[in-house]
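The primary structure of each chain is shown beneath.
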Amino acid sequence: QERIQSVDLFRLLAVFAVIVIHTQPFAGSSRPLIGVLNLPILLNQGARFAVPFFFVIAGYFWATKFNATQSPRAATVHLAKRAAFLFLAWSVIYMVPTQVREIDTHGLSHAPKLVYWHALAMLNAPWTTLFEGSKVHLWFLSSLFLCVLISGAALAYRRTRLLVALAVLLYGVGLAGKAYADTPLGFHSAFNFRNGPFFGLLFFVTGYLLQRRGAKRCWLPLGGVLTGLGLVLHLVEISALHAHYQTPLAHDYVLGTVFMGVGVAFMALSNAKVFCVGKPTSGGRLALGIYALHFVMIDLLAPLDQVYHDAHAWELINPLLVFALAYVAAWAFSRHRMLRTLVA
């Protein structure tokens, strides 16, 4: 299947946005810029389009593997097996100590102990381990696994409307148990509703529905409007929740996040010429590998981050350096026959 250059470009932008979330640039800045929102919050929340975008694109390309007259079973089994393999493989890889400070404190000879302590922590939190594996960002893969299984099962029995209703319901439950937990509509739970299919399913199903309609060039302006409105709504929501219920300003998902994620997907799928910049977009095929590897680079650069975290230049360099190192590592993996399946 011919690759869509604009999608590959947005994959790279989205994985860089994830890195921004995890490196937390300018975290020490507290001066409000918009209402109660300071620079680190604006960067963190503005980057929240990334994972929803990945879910939409996953659903879209999953749907390209079948049509209305063919069973989605084969495509479902293939993607589910792929997500499960990556989740398990990277969970094993992240058992290897990558945090330089821990190795420096305990010594390289204590590496087996670090693995043991990590495994013990995982055993003491079985629900977290089930959905996140050995590193927090791997939750996306377990969520994708569940989303494709639920979607495949529903479509196998031609229950598209039921699937859409379930996706909306789960998103509502996720909001009630997370961002809106402190409101009269919410509830508190020890379970992290970011995990599982609660938020991801709506985006994955949206990708499937978009594929049925077929991508169009007119999606570019529509996507731009949706993204802008979604960002504004997202920021208004988190500000209102903070003002009225004292909830933290940083949230994974609110209502506005839906429009942000879907809007960016619209722009990416439009394949507009402005986004088709040739060779630079070819790295989009490595986005999964960059996503999987980026926490290794964050851990390895942590000592530098501790020394230079107050330097404004470092705040800009750190996420770019993490991205560059993860890109190079993913490229190196892709050149090796045995490692290629981990990154592309």
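Here's what I pulled together on the structure shown here. Keep in mind the model is a prediction, meaning the values are calculated, not measured.

Summed over the entire model, instances satisfying the criterion amount to 31 aromatic pairs. Here Phe131 and Phe191 contribute two aromatic rings whose centre-to-centre distance is 5.5 Å and whose plane-to-plane angle is 80°, an arrangement assigned as edge-to-face. Here Phe191 lies in the loop between helix H9 (160-177) and helix H10 (200-213) and Phe131 lies in helix H7 (residues 126-132), a separation of 60 residues in the sequence. Using a relative accessible area of 24% as the deciding quantity, one classes Phe191 as partly exposed. Considering the side-chain rings of Tyr171 and Phe203, the 6.0 Å spacing of their centres and the 75° angle between planes classify their relative orientation as edge-to-face. Here Phe203 lies in helix H10 and Tyr171 lies in helix H9, a separation of 32 residues in the sequence. Phe203 carries the same exposure label as Tyr171, and that label is buried. Clustering of aromatic rings is evident, with ring pairs tying together Phe10, Phe53, Phe54, Phe55, Trp139, Phe140, Phe275 and Tyr291.

The next thing to look at is the pattern of salt bridges. Applying the stated rule across the entire model yields five salt bridges. Across the salt bridge formed by Asp252 and Lys178, the nearest N and O atoms sit 3.3 Å from each other. Taken together, the positions of Asp252 in the loop between helix H11 (219-245) and helix H12 (255-269) and Lys178 in the loop between H9 and H10 put the pair 74 residues apart, joining distant regions of the chain. Classification of Asp252 by relative accessible area gives buried; the value is 18%. By sharing partners, the salt bridges in this structure join Arg48, Lys178 and Asp252 into a single network.

Definitions and limits used
- Residues numbered from 1 in each chain as written.
- Predicted model: local features only at pLDDT ≥ 70, side-chain atom pairs only at ≥ 80, totals over all residues.
- Heavy atoms only, no water.
- Phe/Tyr/Trp six-rings, centres within 6.5 Å; stacked < 30°, edge-to-face > 60°.
- Helix = DSSP H or I, 4+ residues; strand = E, 2+ residues; numbered from the N terminus.
- Buried < 20%, exposed > 50% of the residue type's maximum accessible area, 1.4 Å probe, protein only.
- Salt bridge = Lys/Arg side-chain N within 4 Å of Asp/Glu carboxyl O.

As far as function goes, none of this settles anything; it's purely spatial.
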